[in-house]
Amino acid sequence: MGELLPLLIQGAWVTLQVTFFGSLLAIVAAVLAALGRLSPWRALRWFSITYIEVFRGTSLLVQLFWLFFVLPLPPFNIELSPYAVAIVGLGLHIGAYGAEVMRGAISSVAKGQYEACTALNFSGFTRFKRIILPQALLAAIPPGTNLLIELLKNTSLVSLITLSDLSFRARQLDQATFQTLEIFSLALVMYFILAQAINFGMRSIERRLSRGRMRGGLS
């Protein structure tokens, strides 16, 4: 076990990196796509809808294969490393689901908040940054936590594009040692620990945002 654990930890470190950077991309993509769907400009709305439906309506594995095997071919001629493909593929895929979560969260902010911002002569950017976004993020955290954990679990697919993540290392060690029970039990525990870390981090953020919430605001 002393020989197996360091290799699994190496794979877990890759999984953690992909999860972290993929989550950042997913959050940015979700916020931008949600704003695009709520935009008064038709072209931007349709672009956001297209992005959301394409990434929600197709397989993540096919998306990863497309980014890894198809993009390097003409007419695209864009070659990405397995690490970059994992981050971009997972981030955009989960971001498409997160966009609908954020759209609902933004729409749930009370109309009175918008009216108060108008009365105080806030600009659109200031209104969104200081009033609307904090409340929307608070409402989006519970479903958003589920999506981030889903992203973590989906990292197991990146081993199919030759990235040495936790799943890749587990299968590699299993084939070399045939200690199937020990290896996959350790991998299971590592995924669980990472998922609980995400859950703990998101709950901490939720508590921090809740401190500044005004009484009678978002329920």
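Every value quoted in this text rests on a predicted model; they were computed, and no experiment measured them. (Residues numbered from 1 in each chain as written. Predicted model: local features only at pLDDT ≥ 70, side-chain atom pairs only at ≥ 80, totals over all residues. Heavy atoms only, no water.)

Bringing the overall build of the protein into the picture now. Broken down by element type, the protein carries eight helices and zero strands. Shown N-terminal to C-terminal, the secondary structure of the protein runs as helices and strands in the order α-α-α-α-α-α-α-α. In terms of principal-axis extent, the alpha carbons of the protein reach across some 70 × 45 × 20 Å. Counting only residues that meet the buried cut, the protein has 38% of its 219 residues in that class. By sequence separation, contacts in the protein at least 24 residues apart represent 74% of the contacts at least 6 residues apart. A total accessible area of about 12,700 Å² is found for the protein, and carbon and sulfur atoms account for 66% of it. Charge centroids of the protein, computed over 18 positive and 10 negative side chains, lie 17 Å from each other. (Helix = DSSP H or I, 4+ residues; strand = E, 2+ residues; numbered from the N terminus. Buried < 20%, exposed > 50% of the residue type's maximum accessible area, 1.4 Å probe, protein only. Contact = heavy atoms within 4.5 Å. Areas by Shrake-Rupley, 256 points an atom, 1.4 Å probe, with all protein chains shown as cover. Lys, Arg positive; Asp, Glu negative; His and termini not counted. Charge placed at Lys NZ, Arg CZ, Asp CG, Glu CD.)

A few words now on the UniProt feature "transmembrane region" (unreviewed entry) in the protein. If you check UniProt for "transmembrane region" (unreviewed entry), the listed places come out as residues 12-35, 47-68, 80-99, 131-149 and 183-205 in our numbering. Structurally, residues 12-35 comprises 100% helix and 0% strand, and the distance from its first C-alpha atom to its last is 34 Å. As a span, residues 80-99 carries 90% helix and 0% strand, and end to end its C-alpha atoms are 25 Å apart. (UniProt positions renumbered as here; feature names shortened; annotations may be inferred.)

For the rest of this paragraph, the subject is the UniProt feature "domain: ABC transmembrane type-1" (unreviewed entry) in the protein. In the UniProt entry, the feature "domain: ABC transmembrane type-1" (unreviewed entry) is given for residues 12-199. Secondary structure content for residues 12-199 is 80% helix and 0% strand, and the end C-alpha separation is 17 Å.

With that settled, the discussion passes to a nonpolar patch on the surface. Residues Phe20, Phe21 and Leu24 make up a contiguous nonpolar surface patch of roughly 290 Å² in combined accessible area. By secondary structure assignment, the location of Phe21 is in helix α1 (residues 4-37). (Patch = residues over 30% accessible without salt bridge, like charges linked within 9 Å, V, L, I, M, F, W, Y side chains within 5 Å. Salt bridge = Lys/Arg side-chain N within 4 Å of Asp/Glu carboxyl O.)

We now examine the confidence of the model for the protein. Of the residues in the protein, 95% reach a pLDDT of 70 or more, and the chain-wide mean stands at 88. Per-element averaging of pLDDT across the protein places helix α5 (residues 111-119) at the bottom with 76 and helix α3 (residues 60-70) at the top with 95. Every residue in residues 214-219 is under pLDDT 50, and counting partners more than four places away or in other chains gives five contacts. (pLDDT = per-residue confidence, 0-100.)

The next point concerns the packing of aromatic side chains. According to the stated counting rule, one finds five aromatic pairs in the structure shown. Measuring from centroid to centroid gives 5.3 Å for Trp66 and Phe76, while their planes differ by 65 degrees, and the two rings are edge-to-face. Taken as a pair, Trp66 in helix α3 and Phe76 in the loop between α3 and α4 (82-107) lie far apart in primary sequence, ten residues in all. Residue classification places Trp66 among the partly exposed positions, given a relative accessible area of 39%. (Phe/Tyr/Trp six-rings, centres within 6.5 Å; stacked < 30°, edge-to-face > 60°.)

Mapping Phe184 onto the fold places it in helix α8 (residues 180-211). Taking C-alpha positions, Phe184 is 23 Å from Tyr83, a pair spaced 101 residues apart along the chain. Excluding residues within four positions of it along the chain, Phe184 makes contact with Ala170, Arg171 and Asp174.

Residue position: Glu182 is located in helix α8. Take Glu182: its relative accessible area is 33%, and that puts it in the partly exposed class. Between the C-alpha atoms of Glu182 and Ala170, which are twelve residues apart in sequence, the distance is 9.9 Å.

Take the pattern of salt bridges next. Summed over all chains, the structure comprises four salt bridges. Shared partners join several salt bridges into a network, and the residues in it are Arg37, Glu100 and Arg103.

With that settled, the discussion passes to unusual backbone geometry. Leaving glycine out, the prevailing phi sign among residues is negative, and the prevailing peptide bond configuration is trans. A cis amide bond, omega 5 degrees, links Pro74 with the succeeding residue Pro75. The residue Pro75 is located in the loop between α3 and α4 in this model. Residue Thr162 is not a glycine yet carries a positive backbone phi of 70 degrees. On the basis of relative accessible area, Thr162 is assigned to the exposed category, the value being 52%. Even without being a glycine, Phe178 presents a positive backbone phi close to 60 degrees. Of note, Phe178 is situated in the loop between α7 (166-177) and α8.

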